[in-house]
Amino acid sequence: MSSIAPGQLGGAIAEALTLYSEEVQKRVDKAGQKAVNELVRKTKDTAPFDVKAHHRHYVDCIASKKIQSRLGFTEHVWYVKAPCYRLTHLLVHGHETRDGGRTRADPFLQNALDEVLPEYEAAVEEAIQNG
């Protein structure tokens, strides 16, 4: 361990915190990428589609993307590509039919999120503690 003069203590602490924050940011980014990939996989596996009508196209529209913010943070976003994005709300919450009935809601997205989120939270906590 090296000794630091009292006048250099602030700079040394700032340098250590910068290294720590960069390492934590890399680990959180990696955990976010893994979590969104898993969410896309699970939603594609469990999303409803009509085989007879060949509506597999909706499942093929499920994707994710990475967005860089101005502050250097990376956001991982799950989304459904156009023109299928409108269908997600109807599938998850149900909708009225032409004959006045109502379709059953399919919480495939919430179920997948409930499986992926605890793993992601644990990975972020581990990254912060061991950064």
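Above this text sits the structure in question.
A short tour of the structure in this document, coming up. Predicted, not measured: the structure shown is a model, and the values here were computed from it. (Residues numbered from 1 in each chain as written. Predicted model: local features only at pLDDT ≥ 70, side-chain atom pairs only at ≥ 80, totals over all residues. Heavy atoms only, no water.)

Some details on the pairing of strand β2 (residues 74–80)
Phase 1: Of the strand pairs in this sheet, strand β1 (residues 62–68) and β2 are connected by seven bridges, and their pairing is antiparallel. Opposite Ser 64, over in β2, you have Trp 78 as the bridge partner. (Pairing = 2+ DSSP bridges. Helix = DSSP H or I, 4+ residues; strand = E, 2+ residues; numbered from the N terminus.)

Re the packing of helix α1 (residues 9–46) against helix α4 (residues 108–129)
Phase 1: α4 packs onto α1 with a crossing angle of 165 degrees between their chain directions and a minimal axis gap of 9 Å. If you check the angle between α1 and α4, you find them roughly antiparallel. Viewed along their axes, α1 and α4 form a crossing whose handedness is right-handed. Contact residues: Tyr 20, Val 24, Arg 27, Val 28, Ala 31, Gly 32, Ala 35, Glu 38, Leu 39, Lys 42, Thr 43 and Thr 46 in α1; Phe 108, Leu 109, Ala 112, Leu 113, Glu 115, Val 116, Tyr 120, Ala 123, Val 124, Glu 126, Ala 127 and Ile 128 in α4.
Phase 2: Looking at the contact of α1 with α4, its residues break down into 16 nonpolar, three polar and five charged. (Axes fitted to C-alpha atoms, helices over the stretch in contact; angles between N-to-C directions. Parallel < 35°, antiparallel > 145°, perpendicular 65-115°, else oblique. Left-handed = near helix turned anticlockwise from the far one by under 90°. Contact = heavy atoms within 4.5 Å. Nonpolar A, V, L, I, M, F, W, Y, C, P; charged D, E, K, R; others polar.)

Thoughts on α4
Phase 1: In a regular helix each residue adds 1.5 Å, so 22 residues correspond to 32 Å; α4 covers 32 Å between its end C-alpha atoms and thus fits that length.
Phase 2: Considering bend angle alone, the principal kink of α4 is centred on Val 116 and spans about 30 degrees; proline Pro 118 follows within four residues of it.
Phase 3: When α4 is considered as a whole, its buried residues turn out to be Phe 108, Ala 112, Val 116, Val 124 and Ala 127.
Phase 4: Where the residues of α4 are buried, they touch α1, α2 (57–60) and α3 (85–93). (Expected span 1.5 Å × (residues − 1). Bend = angle between axes of the 7 residues up to and from the residue. Buried < 20%, exposed > 50% of the residue type's maximum accessible area, 1.4 Å probe, protein only.)

Some remarks on α3
Phase 1: Those residues of α3 that fall on the buried side of the exposure criterion are Thr 88, Leu 91 and Val 92. Down the axis of α3, the smallest arc covering the buried residues is 90 degrees, so these residues share one side. Looking at α3, the residues exposed on the side facing more than 90 degrees away from the buried face are Arg 86 and His 89.
Phase 2: Here the buried face of α3 lies against α2, β2 and α4. (Arc of directions from axis to C-beta.)

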